[in-house]
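# Inside the fold
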Amino acid sequence: MNEKMIVNGMEVSVKGKNAVTYISLTDIAKLKNPSDPRFVVKNWMRSKETIALLGLWEILNNPNFNRVEFDSVSDKEAGYNAFSISPSQWIERTNAIGIITSAGKYNSGTFAHPDLAFEFASWVSVEFKLYLIKEFQRLKQVEQQALEWSARREFAKINYRIHTDAIKGNLIVPTLLHKQISFVYANEADMLNVALFGKTASEWKTENPAVKGNMRDYASVEQLLVLANLESYNAILIRQNIPQAERIVLLNQTAASQLDTLLTVKIGQERLLALPKREEEEE
């Protein structure tokens, strides 16, 4: 993941590594020195308190942290006027993972784990730190929603296999030609589309000729969940030898009922989150 946040009107890059999101210290430092932000980062790392913070974070989160080298930096070097250490030197000497460096044309510079990036932002500007935290939380919320959508999409794919197995075992006659078999599968899939979306895949494509993908790629999380349920339900109905004309009515009723329930729950949750928090009463 390589993205940019807009924090109080300023761009701050984020970079993903080993399932962790790192925030650009270089971009934050531009608040103090737009032309050469690396010196702001180095000045922050000159402090004995900063070295202690970085070391404690590594001890808590990094089993491969070089404690011997850290003790040398912390006890024998940090705090003296001549002391100076760059992010790359810190990483090389202590095998640190809380700070990473990146070279190249895009997203280059020094990045840090959010725990450390927020501390650096506070050192630069307490006000900016608060804006940074708020925007980072928004970014993670968007990412979580995307993950949930992907999970629902994968879940729908699994149910699709259950659905096609039911079709294969109950609707595919051994003497059917390949083209005829494909038609049976497509026909059942389109029946689900009509039951849920109110239109076939080809009708949706005709209405959206410039859009890549299919209608299911643009479905909401709620629709994908209902689709997965419909595929499982249709597989049961197929095994019970229920005719398609009857199945589509049952599936449409189920889709409408489940969507109504899910959307009601979603609206209720949104309203609950929007309520102002009551201050705790003084004891």
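It is worth spelling out the overall build of the protein at this point. On a plain count of helices and strands, the protein comes out with eleven helices and five strands. Across the 283 residues in the protein, those meeting the buried criterion constitute 36%. Sequence-distant contacts in the protein: of pairs separated by 6 or more residues, those separated by 24 or more amount to 59%. Just so you have it, the protein exposes about 17,600 Å², and 53% of that area is on carbon and sulfur atoms.

Going through the model one piece at a time under the given rule, you end up with eight salt bridges. When the shortest N-O distance is used, the salt bridge between Glu-69 and Arg-93 registers 2.7 Å. With a gap of 24 residues between them, Glu-69 in helix H4 (residues 67-77) and Arg-93 in helix H5 (residues 87-94) connect regions that are remote in the sequence. For Glu-69, a relative accessible area of 23% puts it in the partly exposed group. With a shortest N-O distance of 2.7 Å, Arg-247 and Glu-188 are connected by a salt bridge. Residue Arg-247 is found in helix H11 (residues 244-274), and its partner Glu-188 is found in helix H8 (residues 178-197); the two are separated by 59 residues along the sequence. Residue Arg-247 is classed as buried on the basis of its relative accessible area of 2%. On the accessibility criterion, Glu-188 (2% relative accessible area) is buried. It is possible to trace a salt-bridge network through shared partners that takes in Glu-69, Glu-77 and Arg-93.

As a further point, take the layout of surface pockets. The computed volume of the second largest pocket comes to approximately 160 Å³. Taken together, Lys-17, Asn-18, Val-20, Tyr-22, Trp-57, Ile-91, Ala-96, Ile-97, Ile-99, Ile-100, Thr-101 and His-113 make up the lining of the second largest pocket. Those elements that provide at least two residues to the lining of the second largest pocket are strand S3 (20-24) and strand S4 (99-102). Here the lining of the second largest pocket takes three residues from S4, the largest share from any one element. A breakdown of the residues in the lining of the second largest pocket according to their chemical character gives eight nonpolar, three polar and one charged.

With that out of the way, let us pick up the nonpolar core. Met-5, Val-12, Ile-23, Ile-28, Trp-90, Phe-120 and Leu-132 are the most contacted members of the largest nonpolar core, which has 36 residues in total. Only strand S1 (2-7), strand S2 (10-17), helix H1 (25-29), helix H2 (38-46), helix H3 (48-61), H4, helix H6 (114-124) and helix H7 (126-170) provide two or more residues apiece to this core. Sorting elements by how many residues they give to this core places H6 first, with six residues. Of all hydrophobic cores here, the second largest spans 16 residues; its members include Phe-197, Leu-230, Leu-237 and Ala-255.

Another aspect to go through is the packing of H2 against H3. At their nearest, the axes of H2 and H3 sit 5 Å apart, and the two run at 85° to each other. One finds that H2 runs roughly perpendicular with respect to H3. Between H2 and H3, the contacting residues are Trp-44, Met-45 and Arg-46 on the first element and Lys-48, Thr-50, Ile-51, Leu-53 and Leu-54 on the second. Residue composition of the contact of H2 with H3, by class: five nonpolar, one polar and two charged.

We now examine the pairing of S3. Counting buried positions along S3 gives four out of five residues, so the element sits mostly inside the fold. The pairing of S2 with S3 spans four bridges and is antiparallel. When the sheet's bridge partners are listed, Lys-15 is paired in S3 with Tyr-22. Counting the residues between successive antiparallel strands, the hairpin from S2 to S3 contains two residues, one of them, Asn-18, with a positive phi of roughly 50°. Pairing of S3 with strand S5 (residues 109-112) involves two bridges; the strand directions are antiparallel. Opposite Ile-23, over in S5, you have Ala-112 as the bridge partner.

With that out of the way, let us pick up the side chain of Asp-27. If you trace the backbone, Asp-27 turns up in helix H1. The class for Asp-27 is buried, based on a relative accessible area of 9%. In this view, Asp-27 contacts Met-10, Glu-11, Val-12 and Ser-13; residues no more than four positions away in its chain are not counted.

The next thing to look at is H2. Buried residues of H2: Val-40, Val-41, Trp-44 and Met-45, and no others. Down the axis of H2, the buried side of the element spans an arc of 135°, and every buried residue falls inside it. Looking at the buried side of H2, the elements it contacts are H1, H3, H5, S4, S5 and H6.

The rules we used
Residues numbered from 1 in each chain as written. Predicted model: local features only at pLDDT ≥ 70, side-chain atom pairs only at ≥ 80, totals over all residues. Heavy atoms only, no water. Helix = DSSP H or I, 4+ residues; strand = E, 2+ residues; numbered from the N terminus. Buried < 20%, exposed > 50% of the residue type's maximum accessible area, 1.4 Å probe, protein only. Contact = heavy atoms within 4.5 Å. Areas by Shrake-Rupley, 256 points an atom, 1.4 Å probe, with all protein chains shown as cover. Salt bridge = Lys/Arg side-chain N within 4 Å of Asp/Glu carboxyl O. 1 Å grid on protein atoms, 1.4 Å probe; cavity = no way out; pocket = protein on both sides within 12 Å on 5 of 7 lines; lining within 4 Å. Points joined across faces, edges and corners; volume = space filled by probe spheres on them. Nonpolar A, V, L, I, M, F, W, Y, C, P; charged D, E, K, R; others polar. Core = buried A, V, L, I, M, F, W, Y, C linked by side-chain atoms within 4.5 Å. Axes fitted to C-alpha atoms, helices over the stretch in contact; angles between N-to-C directions. Parallel < 35°, antiparallel > 145°, perpendicular 65-115°, else oblique. Pairing = 2+ DSSP bridges. Arc of directions from axis to C-beta.

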